[in-house]
Amino acid sequence: MKHAVGSKSADLGAAAPGRGERPRPHVLRWWCVSACVVFAAAAGTWLASPVWLRAASDWLDVGQPPVKSDYVMVLGGAVNSRPFVAAALVRAGWAKAVLLAPLPDDEPRPDVPASPWADRAALRASGIADSQIVNLAFTPEHTQAEAELLKRFLNEHPAARVMVVTNAPHTRRASWILDRMLGDRADRVSLISAPADGYYAGRWWRSANGWKAVPAEYVKLLLYRLRYGRLVWILTALAILIAGLMTWAHLRHRSLGRSSTT
Amino acid sequence: MLIVAVAVLTAGWAAGRWLVLDQPETGATHALLFDHPELGALAAEWYRARPGRRLLYAEPLQRRIVTSGAWPPQRDAIIESLHAEGVPRKAFKALDGEADNEWAALRRLGRWLDNNPQARVALLTDAFSTRRLSYVAGRVLPAEQAQRVSTVALPPPRVDPDRWWQSRSGWKAVLFGWLDLAFAYTRGEGEVRPDDWDPDEHVRRLADSPEAGS
């Protein structure tokens, strides 16, 4: 390697490792960082290909085919898809009635079609009679509470079989929550995928709705696992292990440095 | 430890604050209303504080809940909601046609601004959507028109923008705010899927899928 003439260059040249010498730590670090950046860029480009993006969405969909059931439960939200699929399941004879959260005491806002008012209106508009709508115990605010609600219902109806309708990307998280909450009762529950809401599942990355639904579902899955699952303990153990290894490496490096100076 | 805690809190605060771009209205003659769960009440409040101004609205794409007859069109519902809050019907004007998203709504606003050269418009939207909306307005509207609009941050429902991390709704709002902003910056408008699928056909397809009966 040639160096330009000059005092600074000459110093650098003096500091550069000669043949047979081990490269200095900062040179190694530079190479490591560069390799990581190149690897991350390559991995990012590869993962951003449509095949993988599509696979990321497909992995979230664990919906099952319909099975003859007593009830179909509509999870709250996505009022343009979930209640309409539930109504179609009843019309096709897969279920006899629909389980819905009861109406809260406050008045519905006509400018915001929100569950459970809009779910009920959608079911009626789809030909479901009021007598085919069964009110659950309380109005839940999130999937975890909906699972609690279904658990109560299955305890009171030990022979009942239920299909749960939600949008395709939500099925994996819903399935994890239901399995965790229902235990043995989960055998009596099947998850039915409604189409993605406002975007095409096969090209979700081209739509703002898909961009929100798919990556956000991964974030929520992680947060749910951290909060309600064992992931927080696994990550804590991993962090302690890494901290321990780093401390050990640091102490070893210091002791080696001390022994070389003596 | 204290330094780390302060740094984390500051970063959290900044992550939410960065999304909020509340601009001075500088003589707005009109307000364009964007989606917000408490739109009727907040738009009426804006109107009462500035009597004589007018409210504009771009009808969104008609979704299945409306086309099935289950729910009234949003435009009718908003007019009723504003009327109930004391806003006269003549103060409300709907822009022509339907807008799939805020890009299309702002394009409609641009056409309207062409015919109303004296008008200045405040864009009323959820606080966490203001930076995105300002960016979209800059992309969609010519420079002269972009100078005549400003974004006004409406308080997000059930979330304090300065303490968003204290509630589940806050986490959701900031996460979606960032995802929306990232999409607008990197991909632009994107596509919107109309409710073009048939529920009965969808159920038939699920029943006929290879896993059925296994």
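Reading guide: rules and limits
- Residues numbered from 1 in each chain as written.
- Chains lettered and ligands numbered in written order.
- Predicted model: local features only at pLDDT ≥ 70, side-chain atom pairs only at ≥ 80, totals over all residues.
- Heavy atoms only, no water.
- Helix = DSSP H or I, 4+ residues; strand = E, 2+ residues; numbered from the N terminus.
- Contact = heavy atoms within 4.5 Å.
- Areas by Shrake-Rupley, 256 points an atom, 1.4 Å probe, with all protein chains shown as cover.
- Axes fitted to C-alpha atoms, helices over the stretch in contact; angles between N-to-C directions.
- Parallel < 35°, antiparallel > 145°, perpendicular 65-115°, else oblique.
- Left-handed = near helix turned anticlockwise from the far one by under 90°.
- Core = buried A, V, L, I, M, F, W, Y, C linked by side-chain atoms within 4.5 Å.
- Buried < 20%, exposed > 50% of the residue type's maximum accessible area, 1.4 Å probe, protein only.
- Buried area = accessible area lost by both parts, 1.4 Å probe.
- Salt bridge = Lys/Arg side-chain N within 4 Å of Asp/Glu carboxyl O.
- Polar contact = N/O pair within 3.5 Å; in protein donor to acceptor, adjacent residues only side chain to side chain.
- Nonpolar A, V, L, I, M, F, W, Y, C, P; charged D, E, K, R; others polar.
- Phe/Tyr/Trp six-rings, centres within 6.5 Å; stacked < 30°, edge-to-face > 60°.
- Lys NZ or Arg CZ within 6 Å of the ring centre and 35° of its normal.
- Pairing = 2+ DSSP bridges.
- Domains from an automatic or database assignment.

A. View of the overall build of chain A. Tallying secondary structure elements over chain A gives nine helices and five strands in all. In sequence order, the secondary structure elements of chain A are arranged as α-α-α-β-α-β-α-β-α-β-α-β-α-α. Residue pairs at least 24 apart in sequence account for 73% of intrachain contacts in chain A once pairs closer than 6 positions are excluded. For chain A, the accessible surface area stands at approximately 15100 Å², while carbon and sulfur atoms represent 61% of it.

B. Representation of the packing of helix H6 (residues 130–140) of chain B against helix H8 (residues 168–187) of chain B within the structure. Residues and elements named next belong to chain B. Direction vectors running N to C along H6 and H8 enclose 15 degrees, while the axes themselves pass 9 Å from each other. Of the possible angle classes, the one that applies to H6 and H8 is roughly parallel. Where H6 crosses over H8, the handedness of that crossing is left-handed. Along its contact with H6, which presents Arg-131, Arg-132, Tyr-135 and Arg-139, the element H8 presents Asp-180, Leu-181, Ala-184 and Tyr-185.

C. Geometry of the nonpolar core. Residue and element names in this part refer to chain A. The biggest cluster of nonpolar side chains holds 24 residues, and the ones touching the most others in it are Met-73, Leu-99, Leu-150, Val-162, Val-164 and Leu-178. Put simply, the parts of the chain that give this core at least two residues each are strand S1 (71–74), strand S2 (97–100), helix H6 (143–156), strand S4 (162–167), helix H7 (171–182) and strand S5 (189–194). Here Leu-178 is in contact with Ala-147, Leu-150, Val-164, Gly-183, Ala-186, Val-189 and Leu-191, once residues within four sequence places are set aside.

D. View of the interface of chain A and chain B. Across the contact, 48 residues belong to chain A and 44 residues belong to chain B. Buried area between chain A and chain B, both sides added, is near 3800 Å², and the carbon and sulfur share of it is 62%. Per-residue buried area on chain A facing chain B is highest for Asn-80, Asp-111 and Trp-211 of chain A; these three make up 16% of the total on that side. Our enumeration of links across chain A and chain B arrives at four salt bridges. Across the salt bridge formed by Asp-180 of chain B and Lys-212 of chain A, the nearest N and O atoms sit 3.4 Å from each other. Along the contact surface separating chain A from chain B lie 15 residue pairs in polar contact (both at pLDDT 80 or more). Contributions of two or more residues to the side of chain A that touches chain B are made by helix H4 (82–91), helix H5 (117–125), S5 and helix H8 (208–228) of chain A. The greatest single-element share of the side of chain A that touches chain B, amounting to ten residues, is contributed by H8 of chain A. Classifying every residue of the side of chain A that touches chain B gives 31 nonpolar, seven polar and ten charged.

E. Representation of the packing of aromatic side chains. In total, this model carries ten aromatic pairs over all chains according to the counting rule given. Their ring planes at 45 degrees and their centres at 5.3 Å tell us that Tyr-224 of chain A and Tyr-228 of chain A sit as a pair that is tilted. Of this pair, Tyr-224 of chain A and Tyr-228 of chain A both sit in helix H8, separated by four residues, roughly a single helical turn. Geometry around Tyr-200 of chain A places Arg-203 of chain A over its ring, the cationic atom sitting 4.5 Å from the centre. One residue, Arg-64 of chain B, lies across the ring of Phe-84 of chain A, its end atom 5.7 Å from the ring centre.

F. Structural detail: the sheet that holds strand S5 (residues 149–154) of chain B. Residues and elements named next belong to chain B. In space, the five strands of this open sheet follow the order S3-S2-S1-S4-S5, with parallel pairing throughout. Strands with a single pairing partner mark the edges of an open sheet, and in this sheet they are strand S3 (92–99) and S5. Averaged over all adjacent pairs, the angle separating strand axes in this sheet is 25 degrees, with direction ignored. Strands strand S1 (30–33), strand S2 (54–60), S3, strand S4 (121–126) and S5 of the sheet are contacted by helix H5 (residues 102–115), whose axis makes an angle of about 125 degrees with S3.

G. Region of the structure containing the side chain of Thr-171 of chain A. Residues and elements named next belong to chain A. The topology assignment puts Thr-171 in helix H7. At 3.0 Å, the side chain of Thr-171 forms a polar contact with the backbone oxygen of Leu-60. Apart from residues lying up to four places away in sequence, Thr-171 is in contact with Leu-60, Asp-61, Val-62, Gly-63, Thr-166, Leu-191 and Ser-193.

H. Region of interest: the domain arrangement of chain A. Residue and element names in this part refer to chain A. Segmentation of chain A into domains returns domain 1 (62–194) and domain 2 (202–252). Between the C-alpha centres of domain 1 and domain 2 the distance comes to 29 Å. Taken together, the contact between domain 1 and domain 2 spans ten residues of the former and seven residues of the latter. When domain 1 packs against domain 2, close to 880 Å² is buried across both sides, 65% of that on carbon and sulfur atoms. Ranking the residues of domain 1 by area buried against domain 2 places Pro-169, Arg-173 and Trp-176 at the top, with a combined share of 67%. The interface formed by domain 1 and domain 2 holds one salt bridge in total. Counting the contacts that link domain 1 with domain 2 gives two residue pairs in polar contact (both at pLDDT 80 or more). Ranked by residues supplied to the side of domain 1 that touches domain 2, first place goes to H7 with five residues.

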